[in-house]
Each structure stands twice: as C-alpha cells, then as structure tokens.
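Topology and contacts: notes
Listed below, chain by chain, are the residues.
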Amino acid sequence: MPVIFDEERKIFKLDSAGSSYIFEVYEQGYLVHLYYGAKIPDTNVGGFIDKGFFASECPMNINIDNPRFSPDVSPLEFSGEGSGDLRSSTIAVRNQDGNNVTDMRYVSHKIYPGKPALEGLPALYVNDDSEATTLEVLVRDSVTGVEAILYYTVFERFSAMTRSVKVINPTGSEVYLERVMSSCVDWDTHDFDMITLYGKWLKERSLERAPLTHIKQGIASKRGSSSHHHNPFAAIVDHDCNEDYGSAYGFNFVYSGNFIFEAEIDPFAGTRTVMGINPEGFEWTLGSGESFTAPEVVMVYSGRGLGEMSRTFHRLYMTHLVRGKWAHAVRPLLINNWEATGMDFTGDKLVTFAERAKELGIDMLVMDDGWFGRRDDDTSSLGDWFVNEEKLGGPLSGFIDRIKAFGLKFGIWFEPEMVSRDSDLYRAHPDWCIHVPRREKSISRSQYVLDFSREEVRDYIYSLMHGILSENHIDYVKWDFNRYLSEVGSAGLPASRQKETFHRYVLGTYDILNRLTSDFPDLLLEGCASGGGRFDPGMLYYSPQIWCSDNTDPIERLSIQFGTSMCYPASSMGAHVSASRRAGYETKGNIALWGTFGYELDPNTFTEDDKEIIRAQVNEYHKYYDVIHEGDLYRLITPDKNDFRAAWMFVSRDRQAALVTSVVMRTPEDRSFYLKLKGLDPDKYYVEDESGEVYSGALLMNAGLCLNKYGNADGDSFKLYLRSL
Ligand code: DGJ
C-alpha cells in the first residue's frame, strides 16, 4: 500500500516509486515529521524525535510533560503560529480576540485511492484512481475551533507527491487567515544547497545555487504573478549533488500569483522549508462555515541527482498536469509575426507570410498583437477587442479564410487581463481596473490591470473573446500578460477584504481560463507574460505551452532553456527561430528544437539557401518530435558550468532512439573533446543516422563521442540522431 497508518506506532508512511515520507501523530496530537528521502521499508523511525532533550534545559511545550519534546526544535508537519514552535509557521489565523496564535493538532484521518480536485485551482489530476493515493489529515485548534485538512497525494509510479491545505471555519464567528503555507518540510540537518531560478525580462529562469546558511533564505513574488524575478521552484540538494548523483528535493508551486519559498535553519542545525501564497499583502476573511483552499505544492525526490529530479517532473507534468488533446497530440509548427512586424502589419502582408510558410511546410500562422481597436503601438486599445477591419482588409473571418486557403491553421494574440489607459473600455469603466482609492495608479506599457476578482469584469472580457473565438476558425490563442500589479485593491470588495484582491485576481484569471478550455477544448493555448514572466505549473494546467522568453538570441536562450528544464518539460517551452544574428539558422533551429519550435521572422526575407535549411528543419521537427516530446532529457554540459559549450540529449523511453545536440558558445580551449552521453542502453548498439557509424551504448556513455570533427567556432552546433540496431 502506498499510504499506510501504523496504528500501533501512530505513524503515517507515504511511499512513491523511489521515496518515503513518514510522520507521526505524537503525544497530544502533534504531527511530527520523521523522514523524507529514498524509499525505506521501515515505519520504526521514531528515534528521530529525540531532540527536545538537547534543545534547552527548559524545552517549551504545551500539555506535554515530556522533557524530550519541544515543538520549537522538532520537525513538524503543520506548524502553528506563536505557540511553542517559533520558527516560520505554516498557518496563522487571527481570531475574534485579535490575536493570531494558532495551534492545530491531529483529530482524524482518511486514506483513499485517487486525488481530489482543488476548488477553483489548477492541480495535478489522475486519469484513474489507481494512479495515486490520498491521505487527508484533519487538524483542529482546540481554542478557536478552526480546522484544516492537510492533503497528501502520492503518485506511486513517480517519486512524487503533492501537498495542499484546506482551512475550515466551523466556529460560528468570523476568523481571519493571515498565512497558510501549502507545504512545510523539516530536516534534521542543514547540509544542503538551495537551487532557484531567478531572472528578469530577457533572462528568465537562470540557475542559482548557494549553500544554506543560518541566514533565512528564500524567494518570493509580490508582483501579482509568479514573475520573471523568481520562478515558484526551488530544490534543496546535497552539497555534492550534481546531474547524476546525490539527493535532490524539488518543490514547485501550482500557482500563478504571489508566492514564497523559505528555508530557515534552527539553532540546532535543522532546516525548515515552507512554500505557499506570499503572506505579504494577503489576508482572507473566513465567515462561519466557509473554507479556504490553498494551492498545491508538487514535491519530487531524486536520489540520483538533478537530472532524475527534472525527468520526474517532466513525466509527471506530461501525464498529470497538462490536459486534453494537446498533452500528446503533435503541436502545430507555427510562424508568428511579432518580431518581424511588431504592430505594423496589414492583412495582405500576413497573407504573404502564410504563402511562404506553406511553401516551407509550416503548419500555422499566428497573428500577434495589433489586430484590434486602434492598436498601432502599445499605447492604446487593450480591452477593446474589436477587429480592426481596415488593417486586416475586411472582417476577421474573411482574413482567416485567406490564411486557411493555404491549408494553414490560424492563431491569434490576446491580452485579456489588461486595459489601455487610451481605450473605450477604460473611458467607460475606469473603476474596472485594480486600484486603491485616492492614489494614482502606476502605469506600465500604457496599461492597467483589469480587476479580474470581479465577475462583471471577467464576464465582459470573456463575452468578447468568446464571440471572436466562436465566430471564427481559430486554432490557437497566445494569452499574454505584460505588466505586474501595483496599488492593489478592488472596488468590488469592502475595506476589510482588500487584502483578498491578489488571490481573488488569480482565481478570476483561472476562472476565465477554465471557461475557455471547456468551451473550446480543441483550442491550443500558449501562455506568455512579457516573454516568460508567468511560466509556472498553474498556467501549464491551462496552456500546454508557454513562451519562454522574448530573448530569442540562441546563445542567450541556452541558459534560459537549461534553467526552465529544471522542472518544465520540453513540450511546454515556447522556442522559436528568429532573425537574431549571433548564429546561423542551423544553430538557431537546433536550439529551438528543444522546445515547441516555430519561427518568429519574416519568411519573405529568406534566400534560397535559407529555404532549404528551413525545409530540412521542418522535416526534422516531425522526425524528432517523439523523442523530444515524449522522451527523457539529459543535460550533458550546462552553460552555467562551462563557458564554451552546452550539450543535451533526449532519449526515447524505450532507449531505442536518441537525439544529441551540442552548441559552441565560445571557441573552446581544448582541441580534443569527448562528449559522454547518458541514458542509453549500454548493451545496445546504436547507428548514427548521418555517418552510418555504429557504436555501443557503453562506448558512447563511457568513452564518449569525439567532437573534434565538428565546428569549433562561436555559434557552431551539431546534432546527432542515434537509433538502436
Ligand atoms: C510580449 C510577448 O512576449 C511578445 O511575444 C509579444 O506577444 C508582445 N508582448 C506583444 O505585445
């Protein structure tokens, strides 16, 4: 059984394919964390608790006459606020007395097959109840009566589990939720590094790794979205953990708004990590009988380094997060006009794009920003989702017919959450945007954020989108989001509930995405936020692909794609070949092949030679689709560790095929270099497609592949396709 309760020892044990997670119902109902790591058969791990004794001469505890236990130094599952455990808390509920002391203890539990959906929130799902097992633990604060259900779901075929929390108020009076973390994991050691993905516009998800210190460390967003600045991902890893070796604990928050991940070392050398909605700017009034569901954290354990951790996330997301037809259907290879034209285009011009694209075997034309209202630059018209027929040379349906006449699919850009200051919508409803009374609103890209916490605002925008999508043959929508939230408040909420705005905004966005994906199940959505400013599992639940970055320079893209691959699969990474000049089309194509693949340029500019390369790339896209999208990723040389080269490979799940790619970022100093491959079957022989050379998997992984014959100049690259004999 993946989840058991040892009645005698009062111990829960949650087993996934490669990990065990163990905790105990201790005296007086404290939930004490015992173990998280490589799978073990035992439940007899209670000795881990013996810590309070060493903690101080006067261990601080409540209702327990036991000098060996002190909540302040014990590993806990769900730590209360200001009640014996004075580290970062998991929950803080302010009560009618005005204090927020919270102390929740075990009441009961249940274990069942499957996984419940989280109300209004994206979350991992199961196709069949046999794929996961859920443990619900009910805890209660005996003074206020406030309760919480802790959800743990184990995905048995992966080394993965999810955690979330539902806070319930059965007390008869209002209480105020000030903080709720979705996960809290305590370790007995702090011998760890923390890996996070920092960034900014044009430099998203760059890897950062540092040892944990006694200084509280963490990442956060209070920008209203998960943000460019920090991705809601963190890994706690052994100091010597590398791609293939060591323990790695990955945390990824299925949420697209404000978040925190914190690591705190206690005075006795233990580490606590918490992850959840950022409590800064957050408070939720819970009326009697009401509940609040916190988003979930996905937790992956790997005992074989970061590579295995990433592959587990990728497989899990491909099968239990990305939904519907596009989880596995071949995605259309697209051309997008943004980098070629900006908003300076006409219908006729885009028809020439479509004609050229068709000649090259491209599947879909995407019309980016600028097709609506009076939008010829970024100062106007967001919110006025009415087709600019003058620009398109007639109604949208006629224009789409012209594109479809070439046999292409058609995609369109929206930025539904925004309103331009210069727009009819803003003039008619100035109070429909996020704002606070009596204070000027910060403007960014000439636009404000619509208040999606309000139903009437959402309904209005959705009715316009629905109209356009149902009246036209549209196959794809790029959903953009080009600024952060500031001066956050809602005219739809009373003063006492203003701090609910951030979260209600995210729930409102999810509501529209839900409506869109259920009304148009075949529509392919691509998320976007000034490049990759909202690349998170919450968005991935709705949009199977997300634009990685507005930085399409191929060499710069390498570190962005390596970082993104820490937890997000290749099929989610929007990556295009652009007109950027730092490398030729071959290299740009080789790098974009790692992601969804497409073009972001004017195809009228192609020379005959370019066209030949592009046609070959289109064929390669189809030829390698399965190995990239359904296979396993191995990062061979990461750009943050090597100034000269980057290399990666995909191996099919049956290890019959592999695609290896290597890029020269700067001419290497070494004249002779052997690239050691990974993930192959050592006992199989593989033939290299182009040369016909045959090598054993053992040779390729141990001796390596000699790179001397490949180009060594800046921007050179090659790829090799291997098939087993
Ligand atoms: C930001 C996106 O990242 C770009 O790809 C493009 O869609 C622009 N917005 C359009 O305004």
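Here, every reference points to the structure presented above.
Scope of this entry: the structure provided in the associated data block.

So, how was this worked out
Residues numbered from 1 in each chain as written. Predicted model: local features only at pLDDT ≥ 70, side-chain atom pairs only at ≥ 80, totals over all residues. Heavy atoms only, no water. Helix = DSSP H or I, 4+ residues; strand = E, 2+ residues; numbered from the N terminus. Buried < 20%, exposed > 50% of the residue type's maximum accessible area, 1.4 Å probe, protein only. Contact = heavy atoms within 4.5 Å. Areas by Shrake-Rupley, 256 points an atom, 1.4 Å probe, with all protein chains shown as cover. Pairing = 2+ DSSP bridges. Axes fitted to C-alpha atoms, helices over the stretch in contact; angles between N-to-C directions. Near = heavy atom within 4 Å. Polar contact = N/O pair within 3.5 Å; in protein donor to acceptor, adjacent residues only side chain to side chain. Nonpolar A, V, L, I, M, F, W, Y, C, P; charged D, E, K, R; others polar. Parallel < 35°, antiparallel > 145°, perpendicular 65-115°, else oblique. Left-handed = near helix turned anticlockwise from the far one by under 90°. Salt bridge = Lys/Arg side-chain N within 4 Å of Asp/Glu carboxyl O. Patch = residues over 30% accessible without salt bridge, like charges linked within 9 Å, V, L, I, M, F, W, Y side chains within 5 Å.

The number of helices and strands found in the chain is 14 helices and 39 strands. Seen along its three principal axes, the alpha-carbon backbone of the chain occupies a region of about 85 × 70 × 45 Å. For the chain, the residues scored as buried account for 63% of the 725 residues in total. Considering only intrachain contacts with a sequence separation of at least 6, the fraction spanning at least 24 residues in the chain is 68%. Looking at the chain as shown, the accessible area adds up to about 26,200 Å², and 48% of this sits on carbon and sulfur atoms.

Turning our eyes to something else, we now look at the sheet that holds strand β3 (residues 19-25). Taking strand neighbours across the sheet as the criterion, the four strands line up as β1-β2-β3-β4 in an open arrangement whose pairing is antiparallel. The open sheet is flanked by β1 (3-6) and β4 (31-38), the only strands paired with a single partner. The average undirected angle you get between the axes of adjacent strands in this sheet is 15°. Bridge count between β1 and strand β2 (residues 11-15): four bridges; the pairing is antiparallel.

The subject of this paragraph is the sheet that holds strand β32 (residues 632-637). Strand order in the open sheet made by the six strands is β32-β33-β34-β39-β36-β37, with antiparallel pairing throughout. Each edge of the sheet is formed by a strand with only one pairing partner; in this case those strands are β32 and β37 (694-696). Between one strand axis and the next, the sheet turns by 25° as a mean value, whatever way the strands run. Bridge count for β32 against strand β33 (residues 645-651) is five bridges, and the pairing is antiparallel. What sits directly across from aspartate 632, in β33, is valine 651. In this fold helix α12 (residues 585-592) packs onto β33, β34 (657-664) and β39 (717-724), with an angle of close to 50° to the strand it touches most, β39.

Once that is clear, we can look at the site of the ligand. Surveying the vicinity of the ligand reveals 13 residues, the closest of which are Asp368, Asp369, Lys478, Asp480 and Asp550. Residue lysine 478 places a side-chain N or O atom 2.8 Å away from an oxygen atom belonging to the ligand. Notes on the ligand: free accessible area 290 Å², of which the protein chains cover 98%. Broken down by class, the residue content of the shell around the ligand amounts to four nonpolar, three polar and six charged.

The contact between helix α8 (residues 455-471) and helix α9 (residues 501-519) brings their axes to 11 Å, and the two run at 25°. Accordingly, the angle class assigned to the pair α8 and α9 is roughly parallel. In the crossing of α8 with α9, the sense of the turn from one axis to the other is right-handed. Across the interface between the two elements, Arg458, Asp459, Tyr462, Met465, His466 and Leu469 of α8 pack against Gly508, Asp511, Ile512, Arg515, Leu516 and Asp519 of α9. A per-class count over the contact of α8 with α9 returns five nonpolar, two polar and five charged.

Mapped onto the fold, serine 206 is located in strand β12 (residues 206-211). Serine 206 sits in the buried class, given a relative accessible area of 4%. Within the structure, serine 206 has its side chain in polar contact with the side chain of lysine 203 (distance 3.2 Å).

It is worth spelling out the pattern of salt bridges at this point. A full pass over the atoms with the stated rule returns 53 salt bridges. Glutamate 296 is paired through a salt bridge with lysine 115; the nearest N and O atoms lie 2.7 Å apart. You can see glutamate 296 sitting in the loop between β19 (291-293) and β20 (297-302) and its partner lysine 115 sitting in the loop between β6 (104-113) and β7 (132-141), a full 181 residues away along the chain. This pair shows no difference in class: glutamate 296 is buried, exactly as lysine 115 is. For lysine 222, the salt bridge goes to glutamate 280, with nearest N and O atoms at 2.8 Å. Taken together, the residues lysine 222 in the loop between β13 (217-221) and β14 (230-238) and glutamate 280 in the loop between β17 (271-277) and β18 (284-286) connect sequence positions 58 residues apart. Connected via shared salt-bridge partners are Asp85, Arg87, Asp186, Asp266 and Arg272.

The next point concerns the pairing of β33. Here β33 lies mainly inside the structure; seven of its seven residues are buried. Alignment of β33 against β34, held across seven bridges, turns out to be antiparallel. For alanine 646, the partnering residue across the bridge sits in β34 and is valine 663. Hairpin remark: β33 followed by β34, antiparallel, with five residues in the connecting loop; positive phi at arginine 655, about 60°.

The next point concerns a nonpolar patch on the surface. There is a patch of nonpolar side chains on the surface, built from Met1, Ile4 and Ile111 and spanning about 290 Å² of accessible area. Tracing the chain through its elements places methionine 1 in the segment before β1.

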